[in-house]
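Single-letter residue listing:
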Amino acid sequence: MGEEKENAEERVVDISLKDLSKKLEEFARARDWERYHSPRNLLLAMVGEVGELSEIFQWRGEVDKGLPNWEESDKEHLGEELSDVLLYLIRLSDICGIDLGDAASKKLVKNSIKYPAKVL
């Protein structure tokens, strides 16, 4: 088994957006894909992945939290599609020069002001 395959199979418990961003940049560079990673192309690819994610839930009706009635293979497939969306989102934000972690943190602050918690 090659070193790249061994590294790909390592289980990562906790990884930052910046770490994922670096891995995505290296992945694209190693394959000479950077020229295809325009904001438009990445956005359209991400939308396609959102469509694939939507297909998983189509026709299932409401789904219980934790997906207790799902087969493990269905959960694995869901994880793959969620990951595709996340990875395209991270790559898109990098190509656009947006620090996604910082932007998300600021958005949470704005939302907490806009939608204050109810005081009981």
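Residues numbered from 1 in each chain as written. Predicted model: local features only at pLDDT ≥ 70, side-chain atom pairs only at ≥ 80, totals over all residues. Heavy atoms only, no water.

- As annotated in an unreviewed UniProt entry, the protein carries the name dCTP pyrophosphatase 1 and is attributed to Durio zibethinus.
- Per its UniProt entry, the protein bears the Cofactor (unreviewed entry) comment "Mg(2+)".
- Here the protein is described in UniProt, under the heading Catalytic activity (unreviewed entry), as follows: "dCTP + H2O = dCMP + diphosphate + H(+)". (UniProt positions renumbered as here; feature names shortened; annotations may be inferred.)

**Concerning the overall build of the protein**
- Across its full length, the protein carries five helices and zero strands.
- N-terminal to C-terminal, the α/β element order of the protein is α-α-α-α-α.
- Its C-alpha atoms give the protein a radius of gyration of 18 Å, clearly above 14 Å, the size a compact globule of 120 residues would have.
- Considered along the principal axes of its C-alpha atoms, the protein spans approximately 55 × 35 × 30 Å.
- Among the 120 residues that make up the protein, the fraction classed as buried is 16%.
- Sequence separation of at least 24 residues holds for 67% of the intrachain contacts in the protein that already meet a minimum separation of 6. (Helix = DSSP H or I, 4+ residues; strand = E, 2+ residues; numbered from the N terminus. Rg over C-alpha atoms; globule rule 2.2 N^0.38 Å. Buried < 20%, exposed > 50% of the residue type's maximum accessible area, 1.4 Å probe, protein only. Contact = heavy atoms within 4.5 Å.)

**A closer look at the pattern of salt bridges**
- Counted under the stated rule, the structure contains seven salt bridges.
- Its salt-bridge partner being E25, residue R29 comes within 2.8 Å of it at the nearest N-O pair. Here R29 pairs with E25, and both are found in helix 2 (residues 17-30), just four residues apart, close to one helical turn.
- E25 sits in the partly exposed class, given a relative accessible area of 34%.
- Here the salt bridges do not stand alone but share partners, grouping E25, R29 and E34 into one network. (Salt bridge = Lys/Arg side-chain N within 4 Å of Asp/Glu carboxyl O.)

**Things to note about the environment of V63**
- With respect to the helices and strands, V63 occurs in the loop between helix 3 (39-57) and helix 4 (72-95).
- In this structure V63 touches F57 and W70, once residues within four positions along its chain are discounted.

**Considerations on the packing of helix 2 against helix 4**
- Direction vectors running N to C along helix 2 and helix 4 enclose 85°, while the axes themselves pass 10 Å from each other. With respect to helix 4, the axis of helix 2 lies roughly perpendicular. Touching L17, L20, S21, L24, E25 and A28 of helix 2 are L86, L87, I90, R91 and D94, all from helix 4.
- A per-class count over the contact of helix 2 with helix 4 returns seven nonpolar, one polar and three charged. (Axes fitted to C-alpha atoms, helices over the stretch in contact; angles between N-to-C directions. Parallel < 35°, antiparallel > 145°, perpendicular 65-115°, else oblique. Nonpolar A, V, L, I, M, F, W, Y, C, P; charged D, E, K, R; others polar.)

**Quick look at the side chain of E81**
- Position of E81 among the secondary structure elements: in helix 4.
- Buried charged residue E81 carries no salt bridge. Nearest counter-charge: R60, at 12 Å.
- Setting aside its immediate chain neighbours within four residues, E81 contacts E49, E52, L53 and I56. (Lys, Arg positive; Asp, Glu negative; His and termini not counted.)

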